[in-house]
Amino acid sequence: MSAGTYSPKPGAAPVGRMIAAQTALETRMLLRNGEQLLLTVVIPSLLLALFSTVDVVDTGAGRAVEFLAPGVLALAVMSTAFTGQAIATGFERRYGVLKRLGASPLPRWALMTAKTLSVLVTEVLQIALLTVIALALGWSPQGDPLSVLLLLVLGTAAFSGLGLLMAGTLKAEATLAAANLVFLLLLVGGGVIVPLEKFGAAGDVLALLPISALSDGLRDVLQGGASMPWGDALILAVWAVLGLGAAARFFRWE
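Basis of the calculations
Think of each chain on its own: its residues are numbered from 1, step by step along the sequence as written. Totals for whole chains, interfaces and linings use every residue, but because this is a predicted model, local features are given only for residues with pLDDT of at least 70 and side-chain atom pairs only at 80 or more, for both listing and counting. Based on all heavy atoms of the structure, the side-chain values leave hydrogens and waters out of the count. A pocket here means an open set of points on a 1 Å grid, computed over the protein atoms alone, that has protein on both sides within 12 Å along at least five of seven lines. A cavity is instead a set of points where a 1.4 Å probe fits but cannot get out; residues with an atom within 4 Å of a point line either one. Grid points are joined across faces, edges and corners, and a volume is the space filled by probe spheres set on the points. We count a stretch as a helix when DSSP gives it H or I for four or more residues in a row; a strand needs E for two or more, and each element gets its number in order from the N terminus. Under the grouping applied here, Gly and all other residues not named as nonpolar or charged are polar, the nonpolar ones being Ala, Val, Leu, Ile, Met, Phe, Trp, Tyr, Cys and Pro and the charged ones Asp, Glu, Lys and Arg. Accessibility here uses a 1.4 Å probe with only protein chains present; expressed as a share of the type maximum, an area under 20% marks a residue as buried, one over 50% as exposed, and anything in between as partly exposed. Here, axes are lines fitted to C-alpha atoms. For helices the fit covers the stretch in contact, and angles between N-to-C directions go from 0 to 180 degrees. By the definition adopted for this analysis, an angle is roughly parallel if under 35 degrees, roughly antiparallel if over 145, roughly perpendicular if from 65 to 115, and oblique otherwise. Left-handed describes a crossing in which the near helix is turned anticlockwise from the far one by less than a right angle; the clockwise case is right-handed. Whether two residues are in contact is decided by their heavy atoms, any of which lying within 4.5 Å being enough. Only centres within 6.5 Å qualify two rings of Phe, Tyr or Trp (six-membered ring in Trp) as a pair; their planes then separate them into stacked at under 30 degrees, edge-to-face at over 60, and tilted for everything else. A ring has a charge above it when a Lys NZ or an Arg CZ is no more than 6 Å from the ring centre and no more than 35 degrees off the ring normal. Given a helix with a known number of residues, its expected span is that number minus one, times 1.5 Å. Bend is computed residue by residue as the angle between axes fitted to the seven residues ending at the residue and the seven residues starting at it. Definition used for salt bridges: Asp or Glu carboxyl oxygen within 4 Å of a side-chain nitrogen of Lys or Arg. Here, the term nonpolar core denotes a set of buried Ala, Val, Leu, Ile, Met, Phe, Trp, Tyr and Cys residues that are joined through side-chain atoms within 4.5 Å.

**A closer look at the layout of surface pockets**
So, point 1. Of the pockets and cavities examined, the largest pocket occupies roughly 450 Å³.
So, point 2. If you go around the largest pocket, you meet 23 residues; those closest to its centre are Glu26, Met29, Ala88, Thr89 and Glu92.
So, point 3. Of all the elements in the fold, those that place two or more residues in the lining of the largest pocket are α1 (15-32), α2 (34-53), α3 (64-94), α4 (97-102) and α5 (108-136).
So, point 4. In terms of residue count, α3 provides more of the lining of the largest pocket than any other element does, 8 residues in total.
So, point 5. Its residues placed into classes, the lining of the largest pocket shows 11 nonpolar, 8 polar and 4 charged.
So, point 6. In this structure, the second largest pocket is lined by 14 residues; those nearest its centre are Met112, Thr116, Ser160, Leu164 and Leu244.
So, point 7. Among the elements of the structure, α5, α6 (145-169) and α10 (230-250) are those that each provide at least two residues to the lining of the second largest pocket.
So, point 8. For the lining of the second largest pocket, the per-class residue count stands at 10 nonpolar, 4 polar and no charged.

Now the structure itself:
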């Protein structure tokens with residue numbers, strides 16, 4: 001039999017093409033999941049619209065939307081990179097999906113890359129939607145877009161590492177409960193809706209949380225027009241290194 005009889009040539013596709021295909025699959029699965037859509041789209045949108053139009057929480061001087069919009073953007077990043085990813089990955093691990101994918105031609109690092117890219121795609125859609133809602137409510141963002149982008153990337157890295165760490169070390173049911181509990185606790189105590197000053201001395205400790213650093217950093221830039229808030233960026237960078245490093249060390253595929 002002459003060479004060239006078989007076409008296309010058997011073998012794995014290029015890694016870049018496999019990552020692109022897996023990213024598209026992960027994104028479609030995320031957008032089709034009702035619970036994930038509730039966390040990533042519905043809850044942040046409702047919180048932004050409700051607390052911007054109803055005087056429930058004292059957000060200080062100025063319009064409420066100016067304080068709330070940066071915090072809800074931070075919440076959107078957390079809901080996708082941490083809560084949504086932790087729950088989805090935890091159940092994939094339980095059902096053996098990760099084990100089977102790990103044995104496929106797709107390298108494990110490429111699978112994690114595809115999951116990260118899927119998170120980023122979803123965040124772009126989230127931020128676009130929330131920005132439109134905030135602008136319709138009278139939001140007037142300021143500041144340097146590059147500073148905002150850097151904060152969002154650092155926040156994504158921090159929350160993604162923590163989400164993968166949780167999904168790779170706890171059982172799926174425990175991950176589901178813990179991820180939702182952490183989401184609710186950080187929503188209340190992370191400076192998203194309620195200013196950290198309202199918590200008194202505990203506010204100094206809460207400011208070290210990744211959601212607080214991301215909320216405050218975005219608020220400094222978008223509300224106050226400040227330059228890059230390096231203190232908040234450093235906090236996010238430390239969480240990112242710790243979270244991703246621990247996830248790489250302790251993640252169990254089965």
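**Remarks on the environment of Ala61**
So, point 1. Tracing the chain through its elements places Ala61 in the loop between α2 and α3.
So, point 2. For the pair Ala61 and Leu236, spaced 175 residues apart in sequence, the C-alpha separation works out to 27 Å.

**Concerning the environment of Arg100**
So, point 1. Note that Arg100 resides in helix α4.
So, point 2. With a relative accessible area of 60%, Arg100 lands in the exposed category.
So, point 3. Between the alpha carbons of Arg100 and Phe159 there is a distance of 25 Å; along the sequence they are 59 residues apart.

**Some remarks on the packing of α3 against α6**
So, point 1. Their axes nearest at 8 Å, the elements α3 and α6 cross at an angle of 25°. With respect to α6, the axis of α3 lies roughly parallel. Once α3 is placed against α6, the crossing between them reads as right-handed. In this structure, α3 uses Val77, Met78, Ala81, Phe82, Gln85, Ala86, Thr89, Gly90 and Arg93 to contact α6, whose residues at the interface are Leu152, Gly155, Thr156, Phe159, Ser160, Leu162, Gly163, Leu164, Met166, Ala167, Gly168 and Thr169.
So, point 2. Classifying every residue of the contact of α3 with α6 by side-chain character gives 11 nonpolar, 9 polar and 1 charged.

**Some remarks on the packing of aromatic side chains**
So, point 1. One pass over the full model with this rule turns up 1 aromatic pair.
So, point 2. Aromatic side chains Phe91 and Tyr95 sit 6.1 Å apart centroid to centroid with 35° between the ring planes, which places their arrangement in the tilted category.
So, point 3. Seen from the ring of Phe67, Arg219 lies directly overhead, with NZ or CZ sitting 3.7 Å from the centre.

**Here we look at α2**
One turn of the α-helix equals 3.6 residues, which is why residues spaced by three or four share an orientation.
So, point 1. With 20 residues, α2 should reach 28 Å at 1.5 Å per residue; the first-to-last C-alpha distance of 26 Å fits that figure.
So, point 2. Along its length, α2 reaches its greatest deviation from straightness, about 35°, at Val42, and the proline Pro44 lies no more than four positions downstream.
So, point 3. For α2, the full list of buried residues reads Gln36, Leu39, Thr40, Pro44, Ser45, Leu47, Leu48, Phe51 and Ser52.
So, point 4. Summarising the contacts, the buried residues of α2 are in contact with α1, α3, α5 and α7 (172-189).

**Here's the deal with helix α9 (residues 210-222)**
So, point 1. The first and last C-alpha atoms of α9 sit 18 Å apart over 13 residues, in line with the 18 Å expected at 1.5 Å per residue.
So, point 2. For α9, the tally of buried residues reaches 11 of 13 residues, placing the bulk of the element in the interior.
So, point 3. Residues Pro210, Ile211, Ser212, Ala213, Leu214, Ser215, Gly217, Leu218, Arg219, Val221 and Leu222 constitute the buried set of α9.
So, point 4. Turning to α9, the residues buried within the fold contact α3, α6, α7, α8 (202-206) and α10.

**Some thoughts on the pattern of salt bridges**
So, point 1. Overall, the coordinates contain 4 salt bridges when judged by the stated rule.
So, point 2. Lys115 is the partner of Glu92 in a salt bridge, and the nearest nitrogen-oxygen pair spans 2.6 Å. Within this pair, whereas Glu92 is found in helix α3, its partner Lys115 is found in helix α5, the two being separated by 23 residues in sequence.
So, point 3. Relative accessible area serves as the criterion here: at 9%, Glu92 is assigned to the buried category.
So, point 4. Taking the shortest distance from any N to any O, the salt bridge between Asp216 and Arg219 comes out at 3.4 Å. Of this pair, Asp216 and Arg219 both sit in helix α9, 3 residues apart, which is roughly one turn of that helix.
So, point 5. Relative accessible area serves as the criterion here: at 21%, Asp216 is assigned to the partly exposed category.

**A short note on the nonpolar core**
So, point 1. Core analysis: the largest hydrophobic core is formed by 46 residues, its most contacted members being Leu48, Met78, Leu151, Phe159, Leu214 and Leu218.
So, point 2. Counting residues per element, the ones that place at least two in this core are α2, α3, α5, α6, α7, α9 and α10.
So, point 3. At 15 residues, α3 tops the list of elements feeding residues into this core.
So, point 4. By size, the runner-up hydrophobic cluster in this structure holds 12 residues, among which are Leu98, Met112, Ala114 and Phe251.

Purely spatial values, then, with no claim about function.
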